[in-house]
Amino acid sequence: MKTHVQNQIIYHIYPKSFQDSNDDGIGDLNGIRSRLDYLSWLGVDLIWLGPVYRSPGFDNGYDISDYYDIDPIFGTRADMTFLLEETKARQMGVMMDIVANHTSRTHEWFRASELDPSGPYGEYYIWRDKPNAMNSFFGGSAWTYSPIRKQYYFHSFAPEQPDLNWEQEQEQVGKELAEVLSYWVKQGVKGFRFDVIDLIGKDVDALEWFSFNKVKAGLKTLLSRVDPTGLVLVGEAGALNAAQIIELKQANLLDMVFNFEVTALDEQTGKGKWELVPFSTRRFKDTLVSWQERLQDGGWNSLFWNNHDQPRAISRWYADRLEAAAMLAVLQFGLRGTPFIYQGDEIGMTNGLILPEDYKDIETLNYLKTNDNLEGVRMKGRDHARIPMAWTSEPSGFSKSEPWLRAREIENGRTVEIQQQDKSSLLFLYRQLIGLRKTQPILRKGQFCMVETNDQLLCFRRTDPTERSVTVLVNLTDQEVKHSFEIERVLCATHEQPSSVLRPYEAVICYTF
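A brief structural summary. Computed from a prediction, not measured in an experiment: that's the story for all the values here. (Residues numbered from 1 in each chain as written. Predicted model: local features only at pLDDT ≥ 70, side-chain atom pairs only at ≥ 80, totals over all residues. Heavy atoms only, no water.)

Another aspect to go through is the overall build of the protein chain. Summing up its helical and strand segments, the protein chain has 16 helices and 20 strands in all. At 23 Å, the protein chain has a C-alpha radius of gyration in line with the 24 Å of a compact globule built from 513 residues. With the principal axes as the frame, the protein chain shows a C-alpha extent of 75 × 50 × 50 Å. Expressed as a percentage of the 513 residues in the protein chain, the buried residues total 60%. Looking at the protein chain, you have 56 positive and 71 negative side-chain charges, and the mean spots of the two groups are 3 Å apart. (Helix = DSSP H or I, 4+ residues; strand = E, 2+ residues; numbered from the N terminus. Rg over C-alpha atoms; globule rule 2.2 N^0.38 Å. Buried < 20%, exposed > 50% of the residue type's maximum accessible area, 1.4 Å probe, protein only. Lys, Arg positive; Asp, Glu negative; His and termini not counted. Charge placed at Lys NZ, Arg CZ, Asp CG, Glu CD.)

Looking now at helix α15 (residues 426–439). Relative to the 20 Å expected for 14 residues at 1.5 Å per residue, α15 spans 20 Å between its end C-alpha atoms, a close match to the ideal helical length. Buried within α15 are the following residues: Leu-426, Leu-427, Phe-428, Leu-429, Tyr-430, Leu-433, Ile-434, Leu-436 and Arg-437. (Expected span 1.5 Å × (residues − 1).)

Here we come to the pattern of salt bridges. If you walk through the whole model with that rule in mind, you get 37 salt bridges. We note a salt bridge from Glu-86 to Arg-33, for which the minimum N-O separation is 2.9 Å. One end of the pair, Glu-86, is in helix α4 (residues 77–89); the other, Arg-33, is in helix α2 (residues 29–34), and 53 residues separate them in sequence. What makes Glu-86 partly exposed here is its relative accessible area of 26%. Ionic pairing is found between Lys-202 and Asp-163, a salt bridge with its closest N-O pair at 2.9 Å. Here Asp-163 lies in the loop between β8 (151–154) and α6 (172–187) and Lys-202 lies in the loop between β9 (191–195) and α7 (212–222), a separation of 39 residues in the sequence. Residue Lys-202 is classed as buried on the basis of its relative accessible area, which comes to 5%. Of the residues examined, Asp-163 reaches a relative accessible area of 0% and is grouped as buried. One salt-bridge network, held together by shared partners, links Asp-59, Lys-273, Asp-309, Asp-361, Glu-363, Arg-382 and Arg-386. (Salt bridge = Lys/Arg side-chain N within 4 Å of Asp/Glu carboxyl O.)

Another aspect to go through is the sheet that holds strand β6 (residues 127–128). Spatial strand order, β6-β8-β7: three strands in an open sheet with antiparallel pairing. This sheet does not close on itself; its edge strands, each paired only once, are β6 and β7 (143–146). Direction of pairing for β7 relative to β8: antiparallel, over a ladder of four bridges. Within β8, the position partnered with Tyr-145 by the bridge is Tyr-152. (Pairing = 2+ DSSP bridges.)

Now for the sheet that holds strand β16 (residues 469–475). Reading across from one edge, β14-β15-β16-β20-β18 is the order of the five strands in this open sheet, with antiparallel pairing throughout. Only two strands of the sheet have a single partner each, and these edge strands are β14 (447–451) and β18 (487–493). The average angle at which neighbouring strand axes cross in this sheet is 30°, direction not considered. The strands that α15 touches are β15 (457–463), β18 and β20 (507–512); relative to β18, the one it contacts most, it runs at about 115°. (Axes fitted to C-alpha atoms, helices over the stretch in contact; angles between N-to-C directions. Contact = heavy atoms within 4.5 Å.)

This part is about the packing of aromatic side chains. Inspection of the entire model under this criterion finds 39 aromatic pairs. Summarising the aromatic geometry, the rings of Trp-41 and Phe-428 are spaced 5.4 Å apart at their centres and angled 85° between planes, so their arrangement reads as edge-to-face. With Trp-41 in helix α3 (residues 36–42) and Phe-428 in helix α15, this residue pair connects regions lying 387 residues apart in the sequence. Centre to centre, the rings of Trp-109 and Tyr-124 are 5.6 Å apart; their planes meet at 70°, and the pair counts as edge-to-face. Placement of the pair is Trp-109 in helix α5 (residues 108–115) and Tyr-124 in the loop between α5 and β6, with a sequence separation of 15 residues. Judged by relative accessible area, Tyr-124 falls into the buried class, the value being 2%. Taken together, the aromatic side chains of Tyr-53, Tyr-67, Tyr-68, Trp-109, Tyr-121, Tyr-124, Tyr-183 and Trp-184 make up a single cluster linked through ring pairs. Note that Lys-273 overlies the ring of Trp-274, its terminal NZ or CZ placed 4.8 Å from the centroid. (Phe/Tyr/Trp six-rings, centres within 6.5 Å; stacked < 30°, edge-to-face > 60°. Lys NZ or Arg CZ within 6 Å of the ring centre and 35° of its normal.)

This part is about the side chain of Arg-316. Its place among the elements puts Arg-316 in helix α10 (residues 313–318). There is a polar contact of 2.4 Å between the side chain of Arg-316 and the backbone oxygen of Thr-263. Here Pro-311 takes part through its backbone oxygen, which lies 3.0 Å from a polar atom of the side chain of Arg-316. Excluding its chain neighbours within four sequence positions, the residues that come into contact with Arg-316 are Thr-263, Asp-266, Gln-310, Pro-311, Asn-351, Met-379 and Lys-380. (Polar contact = N/O pair within 3.5 Å; in protein donor to acceptor, adjacent residues only side chain to side chain.)

Let us now look at the side chain of His-12. Here His-12 lies in strand β1 (residues 10–13). With sequence-adjacent residues up to four places away left out, His-12 is seen in contact with Trp-48, Asn-307, His-308, Ile-341, Tyr-342 and Gln-343.

What follows covers the nonpolar core. For soluble globular proteins, nonpolar side chains are generally found buried alongside one another. Formed by 131 residues in total, the largest nonpolar core has its most connected members in Met-80, Phe-194 and Phe-284. The biggest single contributor to this core is helix α11 (residues 322–334), with nine residues. For Met-80, the residues in contact, after removing those within four places along its chain, are Leu-29, Leu-49, Val-52, Ile-70, Val-94, Met-96 and Trp-184. With 13 residues, the next largest nonpolar core counts Ile-10, Val-232, Val-234 and Phe-340 among its residues. (Core = buried A, V, L, I, M, F, W, Y, C linked by side-chain atoms within 4.5 Å.)

Once that is clear, we can look at the pairing of β14. Judged from the five bridges that link them, β14 and β15 form a sheet pairing that is antiparallel. Among the inter-strand pairings, Cys-449 is bridged to a residue of β15, identified as Arg-461. The antiparallel hairpin formed by β14 and β15 contains five residues in its connecting segment.

Written out as structure tokens, the structure reads:
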């Protein structure tokens, strides 16, 4: 196991929504740089930076037109260099998003492929004379006709995002992207998050979205120009099972994977993300424990509740309750794996209220063309994960101009400015939990041992080879719950003076006997 991966606290920044430095309503690199002292104070080790590459912005940067350049809305290459230098000076690092499945339709590779089928870029994308039955994740056919090439090209997402062809005999696409990784490592980048990396293993002619062997071979090519042992490598790959995740980890191809089974617990099975079911504490508990146990030997968990694609869990599961946010924080930092904090988690940001006319996300807009399920959108629409960071009670804390994404006023007290002045706040709880992970090796390296309890209570121990153990007790509900453990030394708790009755959403990390 890479020790530096075990030790990392990763903070996920959505660049458009973190901090605006030039008052155009859009977050940028210099804005991020201006908040590095805050991230250092919080205890962050690695910043996961959403895409800042040059892009037409059709899918908010996940449609890249140049992997080597910085989009002007975020700044310049010099700004990126300054950011990397200043994070290093604070003993932090930067992890970048790599989109290896697709590019923008405006990328020079696609333009060349479209114009010259027999040229050097002719097979960089997936072209066919006739479309088949495969559909895009954003709705509609996954095939779009090019009147220039007089063929159809494949896109897993929007037509503006053509998929790269990882089936080439010479592996040119993989080699091109290996050079991209090498370039950014030389600039000082310390890790990569690979967007929808499982999709590089699809077989469109067989109507198959995933082949593990193809994904593994693609990752080997992708990492061929860098030394992976010094990097943090994270894959967005919901199709992988536990055995495959362990195999990739042991091969030094990925350190961990984002698995979305937990974040999909409020979805109706087989009906997509928009059709919801009531949140089940039992399913939540069983799913968490299952992944802890499946990756116990040889694997490693990514620990997250939210990200730029997954709106706020406290809104979806716990009606925006701040006490529940504190409970989820203690639970997250008690589990075995690497904690990911998505910007605003630490102050209890919610999904907020976005009016239908203010939605920006292409996935949501496409869905609303044929559906009127506004409740599903309010819970699962990606814009709700992208509301600008609440630095102060006024939007001017993010930008002096109108933000690129409008939402309702910030909830009272859920700002960095207010919570930094209150040592009993959620923000200080996060800071305490981060400090605890850094000072208690058992929370970083200890094994996970489930303790059987009723459905309301989640209890587990983290143990080390000396048979020392720390117990994590979590009340997952808004009801009082009795337990039989004798709480001794408390390391961290959501409430003062824990007892044999856990109050609603109470959680504690402690020694028990």
